Amino acid sequence: MSLKSDDKIFAGLSHLAIFLDFIGTIATLMIYITKKDYSKFIEYHAKQALGYQVVILLISWAINLVFIGGAIGGFLGTGFIMGQGLLSIIPMVSLVGIRVVISLMIYGYAIFASLQAFQGEEFKYIVIGDFIDRL
C-alpha cells in the first residue's frame, strides 16, 4: 500500500493530539470523522489514538477526583489548621511525583505511536488496541 505524506501526517498528529487533553481528543475525533473515508491508514491510527485518549482521559479524571478528595481530606483530617498539616503535604508530594512519572510514560507512548505513524507503520496500543479494532 502506497501512502501519501498527508496520510502519515494526519495519522501521526492524531496520536500527538493527546498533548491537548480534551481538545486533542475532539481534534482526533474530527480527524477520524473527516479522513476515515479518505485513507484506511488514517482511519486506523485515528481510531487507535482516539481510544487511547478516551481511556487516558477517563482514568485521569478519576485519579484527579481521588487526588483532590485526598488532598482536601488530608488537610482537614490531619489538623492542618492546628499545625500538623505539614505532615499531610509529604504524601501529596509523593503522589505528584508518581503522577509526573505516569504522565511521562503516557505521553512517551503516544510519541512512540506517532513516530510509527509518521514512518508509515501500523501501531496498536497494548491492552486496548485489540478492543479498539473491534469497534
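Being a predicted model, the structure only gives us computed values, none of them experimental.

Conventions used here
- Residues numbered from 1 in each chain as written.
- Predicted model: local features only at pLDDT ≥ 70, side-chain atom pairs only at ≥ 80, totals over all residues.
- Heavy atoms only, no water.
- Helix = DSSP H or I, 4+ residues; strand = E, 2+ residues; numbered from the N terminus.
- Buried < 20%, exposed > 50% of the residue type's maximum accessible area, 1.4 Å probe, protein only.
- Contact = heavy atoms within 4.5 Å.
- Phe/Tyr/Trp six-rings, centres within 6.5 Å; stacked < 30°, edge-to-face > 60°.
- Lys NZ or Arg CZ within 6 Å of the ring centre and 35° of its normal.
- Expected span 1.5 Å × (residues − 1).
- Arc of directions from axis to C-beta.
- Core = buried A, V, L, I, M, F, W, Y, C linked by side-chain atoms within 4.5 Å.
- Polar contact = N/O pair within 3.5 Å; in protein donor to acceptor, adjacent residues only side chain to side chain.
- Patch = residues over 30% accessible without salt bridge, like charges linked within 9 Å, V, L, I, M, F, W, Y side chains within 5 Å.
- Areas by Shrake-Rupley, 256 points an atom, 1.4 Å probe, with all protein chains shown as cover.
- Salt bridge = Lys/Arg side-chain N within 4 Å of Asp/Glu carboxyl O.

### Remarks on the overall build of the chain
Here comes step 1: When its secondary structure is counted, the chain shows five helices and zero strands.
Here comes step 2: The order of helices and strands in the chain, counted from the N terminus, is α-α-α-α-α.
Here comes step 3: Buried positions account for 33% of the 135 residues belonging to the chain.
Here comes step 4: The long-range fraction of contacts in the chain, counting pairs at least 24 apart against all pairs at least 6 apart in sequence, stands at 73%.

### Observations concerning the packing of aromatic side chains
Any two aromatic rings considered together are summarised by their centre-to-centre distance and by the angle between their planes.
Here comes step 1: Tallying each qualifying case throughout the model produces eight aromatic pairs.
Here comes step 2: Plain terms: the ring middles of Y52 and Y125 are 4.1 Å apart, the flat faces sit at 5° to each other, and that makes the pair stacked. Linking Y52 in helix α3 (residues 40-77) with Y125 in the loop between α4 (85-118) and α5 (129-134), this pair joins segments that are 73 residues apart in sequence.
Here comes step 3: Owing to a relative accessible area of 8%, Y52 belongs among the buried residues under this scheme.
Here comes step 4: Plain terms: the ring middles of Y109 and F123 are 5.5 Å apart, the flat faces sit at 70° to each other, and that makes the pair edge-to-face. Taken together, the positions of Y109 in helix α4 and F123 in the loop between α4 and α5 put the pair 14 residues apart, joining distant regions of the chain.
Here comes step 5: In textbook terms, an aromatic cluster arises when at least three aromatic residues are bridged by ring pairs, as seen for Y52, Y109, F112, F123 and Y125.
Here comes step 6: Sitting over the face of the ring of Y38, K35 holds its NZ or CZ atom 5.0 Å from the ring centroid.

### Section: helix α1 (residues 5-16)
Here comes step 1: With twelve residues, α1 should cover 16 Å at 1.5 Å per step; its first-to-last C-alpha distance of 16 Å lies within 8% of that length.
Here comes step 2: Within the span of α1, buried status applies to D7, A11, G12, S14 and H15. Down the axis of α1, the buried side of the element spans an arc of 155°, and every buried residue falls inside it.

### Side note on the nonpolar core
Here comes step 1: Counting residues in hydrophobic clusters, the biggest one holds ten residues: I18, Y52, I56, I106, A110, A113, F123, Y125, I128 and I132.
Here comes step 2: Listed by contribution, the elements that provide at least two residues to this core are α3 and α4.
Here comes step 3: It is α4 that contributes the most residues to this core, three residues altogether.
Here comes step 4: Dropping the residues within four chain positions of it, I18 is found in contact with Y52, Q53, I56, I106, Y107 and A110.

### Focus on the side chain of T28
Here comes step 1: With respect to the helices, strands and loops of the structure, T28 is situated in helix α2 (residues 21-35).
Here comes step 2: Within the local environment of T28, its side chain forms a polar contact with the side chain of Q53, the two groups lying 3.0 Å apart.
Here comes step 3: Ignoring anything within four residues of it in the chain, the contact list for T28 reads S14, A17, A46, A49, L50 and Q53.

### Here we look at a nonpolar patch on the surface
Here comes step 1: Taken together, F22, I26, L29, M30, I33, V54, L58 and W61 make up a surface patch of nonpolar side chains, about 720 Å² in accessible area.
Here comes step 2: Those elements that provide at least two residues to the nonpolar patch are α2 and α3.
Here comes step 3: Within the secondary structure, W61 sits in helix α3.
Here comes step 4: Overall, W61 belongs to the partly exposed group, its relative accessible area being 45%.

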